[in-house]
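For reference, the chains in residue letters:
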Amino acid sequence: MTRVSILCQVNKARIEGDLELALAAARHAAARLREALGKGADVEFKGQVDPVTEVDRRVEGEIRQMLRGQRPDDAIVGEEEGGTLPEHGRAWIIDPLDGTVNFIHGLAPVSVSVALWEDRVPVIGVVIEAIHGEEFAAVRGEGASRDAQPISVSSNRLLSQTLVATGFPYDRQERAHEYAALLGAVLARCQGVRRRGSAALDLCYVADGRFDAFWEQGLAVWDIAAGILIVEEAGGRVTGLHGGNAPLDGSMVIATNGLVHQRFGQVLARAVG
């Protein structure tokens, strides 16, 4: 066996181990969310309409403990405890509870997102819808899956038949007219718009062909770290408003089946002005 083949086997084994760790962490967190749903939770506000609960913080702490125990040298970035995504090296990016407003009101969907990035490139992504248990996963170069079955984006090419998902940033009360203009532009050109309350799952539903497109502003890296890879590995495309890689600074993120990407982006760009 050559040195190259040995290294390939070692790398494959490491990636498989990383995927199993990501799944284990996300499954643990999803179980915790199911246990806590509907039982009430102390709510604080990070902003005027941006809630956080003790469940968010507790579950993130448990995920971090699992990751540190298995990968002590890796960086960790999470919504509640923070962290910095390094330029080089491995970093786990976690959102322990995506859909906190839904969770507070006892609504679905609620999700957990766990991703591994290396040198600022996503290599593993896992998102679990906590209430019903659907598991979405992807490994770079190996495709995407739902409940261990391969998935792919929709084949729709018609903007008029495009079902679109979106969300509204937490500064919406100050920028309501701007976001309403975007919504109106999409409603005028597409089949319909859905607002479900979990960006991580919206991206997975694009990957699974349930939605044809998605857009949102004000997202943090933990909202999209796993979903980006899942969409791309399912054959879709994720960019900023004017193309390029998906932005990590809160600028608009666009995800589509790839077939309507350019036309959908043009609709949004014209609405932004």
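What you see is a predicted model; the values in this text were computed from it and never measured. (Residues numbered from 1 in each chain as written. Predicted model: local features only at pLDDT ≥ 70, side-chain atom pairs only at ≥ 80, totals over all residues. Heavy atoms only, no water.)

Undergrad: Lay out the pairing of strand 14 (residues 253–256) in plain terms, naming residues and giving numbers.
TA: In regular strands, side chains alternate between the two faces of the sheet. The alternating pattern of strand 14 places V253 and A255 on one face and I254 and T256 on the opposite face, and all of these are buried. Direction of pairing for strand 12 (residues 213–216) relative to strand 14: antiparallel, over a ladder of four bridges. Residue W215 lies in a different strand from strand 14, and its bridge partner there is I254. The sheet contact formed by strand 13 (residues 237–240) and strand 14 spans four bridges and is antiparallel. When the sheet's bridge partners are listed, T239 is paired in strand 14 with I254. (Buried < 20%, exposed > 50% of the residue type's maximum accessible area, 1.4 Å probe, protein only. Helix = DSSP H or I, 4+ residues; strand = E, 2+ residues; numbered from the N terminus. Pairing = 2+ DSSP bridges.)

Undergrad: Which residues make up the sheet that holds strand 10 (residues 163–166), and what are the values?
TA: Ordered by their spatial adjacency, five strands build an open sheet running 11-10-12-14-13, and the pairing between neighbours is mixed. Of all the strands in the sheet, the pair left with one neighbour each is strand 11 (192–194) and strand 13. Averaged over all adjacent pairs, the angle separating strand axes in this sheet is 20°, with direction ignored. Taken together, the three bridges between strand 10 and strand 12 define a ladder with parallel strand orientation. Residue T166 lies in a different strand from strand 12, and its bridge partner there is W215. Packing of helix 5 (residues 199–207) onto the sheet brings it into contact with strand 10, strand 12 and strand 14, and relative to strand 12 it is tilted by some 155°. Against the sheet, helix 6 (residues 221–233) makes contact with strand 13 and strand 14, and its axis sits at roughly 130° relative to strand 13, the strand it touches most. (Axes fitted to C-alpha atoms, helices over the stretch in contact; angles between N-to-C directions. Contact = heavy atoms within 4.5 Å.)

Undergrad: I'd like a description of the nonpolar core, backed by residues and values.
TA: Of all hydrophobic cores here, the largest spans 40 residues; its most connected members are I93, F214 and I230. Of all the secondary structure elements, the ones that give two or more residues to this core are strand 4 (90–98), strand 5 (111–118), strand 7 (135–139), strand 10, helix 5, helix 6 and strand 14. Setting aside residues no more than four positions away along its own chain, F214 makes contact with V164, A165, T166, A199, D202, L203, V206, L219, V253, I254, A255 and F264. Grouped together as the second largest cluster of nonpolar side chains are 31 residues, I76, I94, V112 and V114 included. (Core = buried A, V, L, I, M, F, W, Y, C linked by side-chain atoms within 4.5 Å.)

Undergrad: Could you give an account of the environment of R34, naming the residues involved and the relevant values?
TA: The residue R34 is located in helix 1 (residues 3–36) in this model. Between the C-alpha atom of R34 and that of A130, which follows or precedes it by 96 residues, the distance is 6.3 Å. Ignoring any residue separated from it by four or fewer positions in sequence, one finds R34 in contact with A130 and I131.

Undergrad: Can you lay out unusual backbone geometry for me, pointing to particular residues and giving the numbers?
TA: Cis rather than trans, the peptide bond between A108 and P109 has omega equal to 0°. Tracing the chain through its elements places P109 in the loop between helix 3 (100–104) and strand 5. Its identity as a non-glycine residue notwithstanding, R120 has a phi of 65°, on the positive side. The backbone of D147 sits at a positive phi, close to 50°, despite the residue not being glycine. As for its position among the elements, D147 is in the loop between strand 8 (144–146) and strand 9 (149–150). The exposure class of D147 is partly exposed, given its relative accessible area of 37%.

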